[in-house]
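Take a look at the letters that make up each chain.
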Amino acid sequence: PPKASPCDGLVQYNMACLHSLQGRPLDAMAHLAGAVDYGFASARTLREDPDLEGVRGLPEFQQLVARVVARRQQQQQEPPAGADQLCAKDQDRIDELVLKAEMQLRSKEYEAAVALLRQAVAVAPRHKVVRYNLACVYSLMNRRSQALGALEKAIDCGFDSLDVVLADADLENVRRTLEFKGLVNRLHRLAGV
């Protein structure tokens, strides 16, 4: 895969969930394959996330799960790849917290989702996808200042998915602010657009 942050797999994974929920299994599987290519390594999350019900029965899905399991077994036999990567235990904990936060979001339990995402930030303060998800929850709560601060921190940590930021309905409450437009301009500059 291309050289990337360990968090890029979660960006791809979240896009796969979105496409699965929208009834677009081919797009969902393409993003899941990208997630695995970028290092997404939680077979448990793949098996249990209700957002993936639309693709779970596909043979390609089962092949991806098998690939994740095989990679995890291989990683357990190898030393850590680098200081900037999370250890498997920390990544599992983050995956678990993010999944629980997403379940709380579905129930509109925003405070509980924030608490879970803050726990994930405590495990990995520079985890750009967790920071981005926190921005989304704050926006849903109409806490604009906190949402924009979390989005800025996500970008500081390397979140650079301009398309996701522009399309994500969770950010609707901050979309018309000058600060949001400034962050979008910053993402444009990072993308060289």
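Everything here concerns the structure above.
Residues numbered from 1 in each chain as written. Predicted model: local features only at pLDDT ≥ 70, side-chain atom pairs only at ≥ 80, totals over all residues. Heavy atoms only, no water.

(A) Here's a closer look at the layout of surface pockets. Computed from the structure, the second largest pocket encloses a volume of approximately 850 Å³. Lining of the second largest pocket is provided by 31 residues; of these, Asn14, Leu18, Glu102, Asp168 and Asp170 occupy positions nearest its centre. Counting only elements with at least two residues in the lining of the second largest pocket, the list comes to α1 (8-21), α5 (88-106), α6 (110-123), α7 (128-140) and α9 (162-167). When residues in the lining of the second largest pocket are grouped by element, the largest group, seven residues, is from α1. (1 Å grid on protein atoms, 1.4 Å probe; cavity = no way out; pocket = protein on both sides within 12 Å on 5 of 7 lines; lining within 4 Å. Points joined across faces, edges and corners; volume = space filled by probe spheres on them. Helix = DSSP H or I, 4+ residues; strand = E, 2+ residues; numbered from the N terminus.)

(B) Structural detail: the environment of Ala124. In this fold, Ala124 is placed in the loop between α6 and α7. Taking the relative accessible area as the measure of exposure, Ala124 reaches 7% and is therefore buried. C-alpha separation for the pair Ala124 and Arg93, spaced 31 residues apart in sequence, amounts to 10.0 Å. (Buried < 20%, exposed > 50% of the residue type's maximum accessible area, 1.4 Å probe, protein only.)

(C) Local environment of empty space enclosed by the protein. Tallied over the entire structure, the rule returns one cavity of 30 Å³ or more. Of the voids in this model, the largest cavity is the one considered here, and its volume is about 70 Å³. Surrounding the largest cavity, Leu10, Tyr13, Asn14, Phe40, Thr45, Asp49, Asp95, Val98, Leu99 and Glu102 form its lining. Mapped onto the lining of the largest cavity, the elements with two or more residues apiece are α1 and α5. Among the elements that make up the lining of the largest cavity, the one with the highest residue count is α5 (four residues). In terms of residue class, the lining of the largest cavity is made up of five nonpolar, two polar and three charged. (Nonpolar A, V, L, I, M, F, W, Y, C, P; charged D, E, K, R; others polar.)

(D) Geometry of the packing of aromatic side chains. Applying the stated criterion across every chain yields a total of one aromatic pair. Aromatic side chains Tyr132 and Phe159 sit 4.4 Å apart centroid to centroid with 5 degrees between the ring planes, which places their arrangement in the stacked category. Here Phe159 lies in the loop between α8 (144-156) and α9 and Tyr132 lies in helix α7, a separation of 27 residues in the sequence. (Phe/Tyr/Trp six-rings, centres within 6.5 Å; stacked < 30°, edge-to-face > 60°.)

(E) Here's a closer look at the packing of α6 against α7. Between α6 and α7, the least distance of the axes is 10 Å, while the angle of their chain directions is 160 degrees. In terms of orientation, α6 and α7 fall into the roughly antiparallel class. Along this stretch, α6 crosses α7, giving a crossing that reads as left-handed. Residues Tyr110, Ala113, Val114, Leu117, Arg118, Ala120 and Val121 of α6 pack against Val130, Arg131, Asn133, Leu134, Val137, Tyr138 and Leu140 of α7. Of the residues contributing to the contact of α6 with α7, the split by class is eleven nonpolar, one polar and two charged. (Axes fitted to C-alpha atoms, helices over the stretch in contact; angles between N-to-C directions. Parallel < 35°, antiparallel > 145°, perpendicular 65-115°, else oblique. Left-handed = near helix turned anticlockwise from the far one by under 90°. Contact = heavy atoms within 4.5 Å.)

(F) The arrangement of the pattern of salt bridges in detail. Summed over all chains, the structure comprises twelve salt bridges. As a salt-bridge pair, Asp49 and Arg106 come within 3.6 Å of each other at their nearest N and O atoms. Of this pair, Asp49 sits in the loop between α3 (43-48) and α4 (59-77) while Arg106 sits in helix α5, and the two are 57 residues apart along the sequence. The class of Arg106 is partly exposed, set by a relative accessible area of 40%. Among the ionic pairs, Glu96 bridges to Arg93, the shortest N-O distance being 3.5 Å. Of this pair, Glu96 and Arg93 both sit in helix α5, three residues apart, which is roughly one turn of the helix. The network of salt bridges with common partners includes Asp49, Asp51 and Arg106. (Salt bridge = Lys/Arg side-chain N within 4 Å of Asp/Glu carboxyl O.)

So, to be careful, I would describe these as geometric facts and stop short of saying anything about function.
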